[in-house]
Amino acid sequence: MECIFCKILRKEIPSKEVYSDDLVYAFEDINPVAPVHILIIPRKHIEGLDKLSQEDIPIIGHLLYTAKLIANRLGLDPSSGGGGYRIVSNCGKDAGQSVYHIHFHLIAKRQLGWPPG
Ligand code: DGP
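Residues numbered from 1 in each chain as written. Predicted model: local features only at pLDDT ≥ 70, side-chain atom pairs only at ≥ 80, totals over all residues. Heavy atoms only, no water.

Colleague: Even after reading the chapter, I still don't get the nonpolar core, so can you show me in this structure?
Modeller: Soluble globular proteins: nonpolar side chains tend toward being buried together. Core analysis: the biggest nonpolar cluster contains 17 residues, and Ala26, Ile38, Ile40, Leu63 and Ile70 have the highest contact counts within it. A total of five residues in this core trace back to one element, the largest contributor, which is helix H2 (residues 57-73). If we ignore the near neighbours within four places in the chain, the residues touching Ile38 are Val18, Ala26, Phe27, Glu28, Asp29, Ile70, Leu74, Phe104, His105 and Leu106. Residues Cys6, Ile8, Leu9 and Leu39 belong to the second largest nonpolar core, which totals 10 residues. (Core = buried A, V, L, I, M, F, W, Y, C linked by side-chain atoms within 4.5 Å. Buried < 20%, exposed > 50% of the residue type's maximum accessible area, 1.4 Å probe, protein only. Helix = DSSP H or I, 4+ residues; strand = E, 2+ residues; numbered from the N terminus. Contact = heavy atoms within 4.5 Å.)

If you want it as structure tokens, here you go:
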């Protein structure tokens, strides 16, 4: 089966770009659960956190740093008066993973509950 996020990376499916570079791409989630809901994905197809290998460590570090840069750009940093944000990566069916191309959700701009549902 074709990976929907690989299609987004190839621009075969349109997306609302938030950030792009050689390693990662960020875009608005099609089904937002909060006023800010951005997906950050690597250009490399990795199915999920369980499929990460040691060679992917720099990509994931870059991806998380990108999340921080985006959050900063959107004024979400708690250290600068923003309300904060949550980064989530669902791994496997019990966690609710529905797209098997690793991604981090950046969710913000509403009070989030804990524990998650
Ligand atoms: P998860 O359930 O954690 O695997 O998250 C997958 C997310 O991907 C979900 O929040 C909806 C989003 N999504 C699925 N298909 C598309 C799409 O075609 N475009 C966009 N922008 N988001 C999508």
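That shown, we press on.
Colleague: Please clarify how the sheet that holds strand S1 (residues 17-20) should be interpreted in this entry.
Modeller: Reading across the sheet, the five strands line up as S1-S2-S3-S5-S4 and stay open at both edges, with antiparallel pairing between neighbours. Of all the strands in the sheet, the pair left with one neighbour each is S1 and strand S4 (85-88). In this sheet, neighbouring strand axes are inclined to one another by 20° on average, regardless of whether the strands run parallel or antiparallel. Note: S1 against strand S2 (residues 24-28), three bridges, orientation antiparallel. (Pairing = 2+ DSSP bridges. Axes fitted to C-alpha atoms, helices over the stretch in contact; angles between N-to-C directions.)

Colleague: How should unusual backbone geometry be read in this particular structure?
Modeller: Backbone geometry follows two general trends: most residues other than glycine have a negative phi, and most peptide bonds adopt the trans configuration. At the junction of Trp114 and Pro115, the peptide bond is cis and its omega measures out at 5° in the coordinates. With respect to the helices, strands and loops of the structure, Pro115 is situated in the segment after strand S5 (104-108). One non-glycine residue, Lys11, lies in the positive phi region at around 65°. Although it is not a glycine, Lys109 sits at a positive phi angle of roughly 80°. We classify Lys109 as exposed; its relative accessible area is 54%.

Colleague: Please explain the site of the ligand as it appears in this structure.
Modeller: Taken together, 15 residues sit near the ligand, with Asp29, Asn90, Gly96, Ser98 and His105 positioned nearest. Take Glu28: an N or O atom from its main chain is 2.9 Å from a nitrogen atom of the ligand. In the environment of the ligand, an oxygen atom lies 2.9 Å from a nitrogen or oxygen atom belonging to the backbone of Gly96. When the free accessible area of the ligand is taken as 500 Å², the share hidden by the protein chains comes to 85%. Counting only elements with at least two residues in the shell around the ligand, the list comes to helix H1 (4-9) and S2. (Near = heavy atom within 4 Å. Polar contact = N/O pair within 3.5 Å; in protein donor to acceptor, adjacent residues only side chain to side chain. Areas by Shrake-Rupley, 256 points an atom, 1.4 Å probe, with all protein chains shown as cover.)

Colleague: What am I meant to see in the side chain of Asp56 here?
Modeller: For Asp56, the location among the structural elements is in the loop between strand S3 (36-42) and H2. If sequence neighbours within four positions are ignored, Asp56 has contacts with Lys44, Ile46 and Lys51.

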